[in-house]
Structures are given as C-alpha cells and as structure tokens.
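Examination of the molecular architecture
The chain contents come next:
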Amino acid sequence: SIAVVSLSMLVTPLLAHAARRVAARLEAADHAKHAPGPELDEFDNHVVIGGIGRVGRLVVQALEAENVPYVAIDANGEHVAHMRLSGRAVFFGDAGREELLEKVGGQRARAFVVTINNPLAAERMVEAARRIKPNAVVYARAADTAHAGRLIALGAVGVIPETVEASLQLTARLLEGLDLPEESVSQRIAAMRASETEKLTDDTDDKDNEPNENG
C-alpha cells in the first residue's frame with residue numbers, strides 16, 4: 001500500500017545513517033592502536049597534516065624530502081595502517097577534534113595543513129587549529145570558490161580552490177608549450193594566482209561587511 005511504501009522510504013535513510021554510525025564506531029575500535037600516544041610529546045616545530053589521501057600524501061613526500069618533521073591524522077583506517085607500515089607518524093582519528101590536535105602537539109606546531117576531502121570536516125579542523133593555537137598558520141585545500149571563502153574567513157591562508165589551481169597549471173603547460181621563457185611563465189602564473197587569492201579575500205571581506213538583518 002501507499003502507507004507501507006511511504007514508511008519504507010522514511011525508514012531506509014534512517015537505517016542507512018545508523019549503519020554508517022555503527023561502521024564508524026567499529027572502525028574506530030579496530031584502529032584504536034593507531035591513536036597518538038606519549039611518543040608525540042617530543043614533537044616540536046612540526047607540521048600537522050589533516051588527511052592523507054592523494055593530496056596529503058604529496059604533502060608528506062615534500063616534507064620528507066626537505067627533512068621537515070610532521071604528524072598526520074586521517075579518519076580512514078586503511079590509509080593510516082598503510083602509512084604506518086613504513087614507519088610514518090600517521091595516526092587514526094578526526095582531525096577536527098581539538099583534543100586530538102593537542103595530542104599530536106598542535107600547540108607546538110609550526111603549521112597546519114588541511115587536505116581533508118569533506119568540506120565541513122576541513123572547516124572544523126581549521127577552527128580547531130585556530131582555537132588551540134590562535135596564531136596558527138593553517139594552509140587548506142579548497143573544493144571550490146565558496147569553500148575557499150569559508151576557509152579564509154575561518155583563518156586559513158594560502159587557500160586556492162582546486163578548480164582554479166588546475167586552471168593555472170593548465171595555463172602554465174600551455175605557455176610552456178608555446179615556448180615562452182620559463183621565468184616569464186612563472187611570473188605570469190604567480191601574478192594570476194595572486195589575483196585569484198585577492199579576489200577570494202575581497203569577497204570574504206565584502207560578506208563580513210554586509211549589514212546584519214538582525215542588527
């Protein structure tokens with residue numbers, strides 16, 4: 001009957017949500033051994049990375065090549081287990097939790113890097129980092145222009161939407177293919193990136209200065 005179908009449509013999303021919550025708890029229990037411990041008390045002037053997917057792993061490679069100490073956090077147990085097999089300082093957990101950032105020495109960190117896929121989770125990490133260390137330097141990956149604006153408003157720096165960065169890289173390849181001098185290409189791309197960053201900052205400032213309907 002229509003009533004049964006309607007009830008089924010209502011219950012199915014609730015069951016799916018419950019299943020996801022149970023799965024998350026089971027994964028957390030399974031990877032409890034990968035939580036940060038006392039060994040991190042020695043970390044100082046390091047970089048804290050939230051998320052070790054494709055972008056996060058590239059950041060890790062760059063830091064390792066330059067011998068910069070880092071600690072990474074990820075909520076994906078498989079990612080964490082894989083990275084820990086090679087002895088890397090990667091831990092399981094929610095990088096948006098203040099207490100977890102404190103456990104990995106966030107108050108002593110040189111910088112934070114947010115590469116989390118989920119926009120809301122990324123924003124939570126920026127907020128948490130700035131709460132435990134108000135003068136924290138936080139670099140963040142942005143999904144799009146709107147997300148970049150929110151991250152900047154929360155205190156992140158160096159934020160460029162992935163779509164914009166991809167366009168800049170494509171433009172650089174084009175100019176190089178047209179045999180323009182490497183220095184000219186670098187200067188042109190740097191100027192374009194600075195212009196896009198300024199636009200994002202201006203948009204954020206304009207929204208902050210909009211009149212409050214409740215005030």
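Model, not experiment: these values are computed from the prediction.

Definitions and limits used
- Residues numbered from 1 in each chain as written.
- Predicted model: local features only at pLDDT ≥ 70, side-chain atom pairs only at ≥ 80, totals over all residues.
- Heavy atoms only, no water.
- Helix = DSSP H or I, 4+ residues; strand = E, 2+ residues; numbered from the N terminus.
- Buried < 20%, exposed > 50% of the residue type's maximum accessible area, 1.4 Å probe, protein only.
- Contact = heavy atoms within 4.5 Å.
- Core = buried A, V, L, I, M, F, W, Y, C linked by side-chain atoms within 4.5 Å.
- Salt bridge = Lys/Arg side-chain N within 4 Å of Asp/Glu carboxyl O.
- Axes fitted to C-alpha atoms, helices over the stretch in contact; angles between N-to-C directions.
- Parallel < 35°, antiparallel > 145°, perpendicular 65-115°, else oblique.
- Left-handed = near helix turned anticlockwise from the far one by under 90°.
- Nonpolar A, V, L, I, M, F, W, Y, C, P; charged D, E, K, R; others polar.

Let's shift gears to the environment of Ala156. You can see Ala156 is positioned in the loop between α6 (145-153) and α7 (162-177). What makes Ala156 buried here is its relative accessible area of 6%. In contact with Ala156, other than residues within four places in its own chain, are Val126, Val138, Ala140 and Leu151.

Right, let's get into the nonpolar core. Among the nonpolar cores identified, the biggest contains 30 residues, and Val48, Leu101, Phe112, Val114, Met125 and Val159 are the most heavily contacted of them. Looking at this core, the elements with two or more residues in it are β2 (70-74), α4 (98-103), β4 (111-114), α5 (119-132), β5 (138-140) and α6. Top contributing element to this core by residue count: α5, with seven residues. Once residues within four sequence positions are removed from consideration, Val114 is found in contact with Gly50, Ala122, Met125, Val126, Val138, Tyr139, Ala140 and Arg141. Counting residues in hydrophobic clusters, the runner-up holds 13 residues, among them Val47, Met83, Val90 and Phe92.

Let's shift gears to the pattern of salt bridges. One pass over the structure, following the stated rule, counts eight salt bridges. Residue Arg88 pairs with Glu64 through a salt bridge whose shortest N-O separation is 2.8 Å. In this pair, Arg88 sits in the loop between α3 (77-85) and β3 (90-92) while Glu64 sits in helix α2 (residues 54-65), placing the two residues 24 residues apart along the sequence.

With that settled, the discussion passes to the packing of α5 against α6. At their nearest, the axes of α5 and α6 sit 9 Å apart, and the two run at 15° to each other. The orientation of α5 with respect to α6, classified from their angle, is roughly parallel. For the crossing formed where α5 meets α6, the hand is right-handed. The residues of α6 that touch α5, namely those facing Pro119, Ala122, Glu123 and Val126, are His147, Arg150 and Leu151. Tallied by class, residues from the contact of α5 with α6 come to four nonpolar, one polar and two charged.

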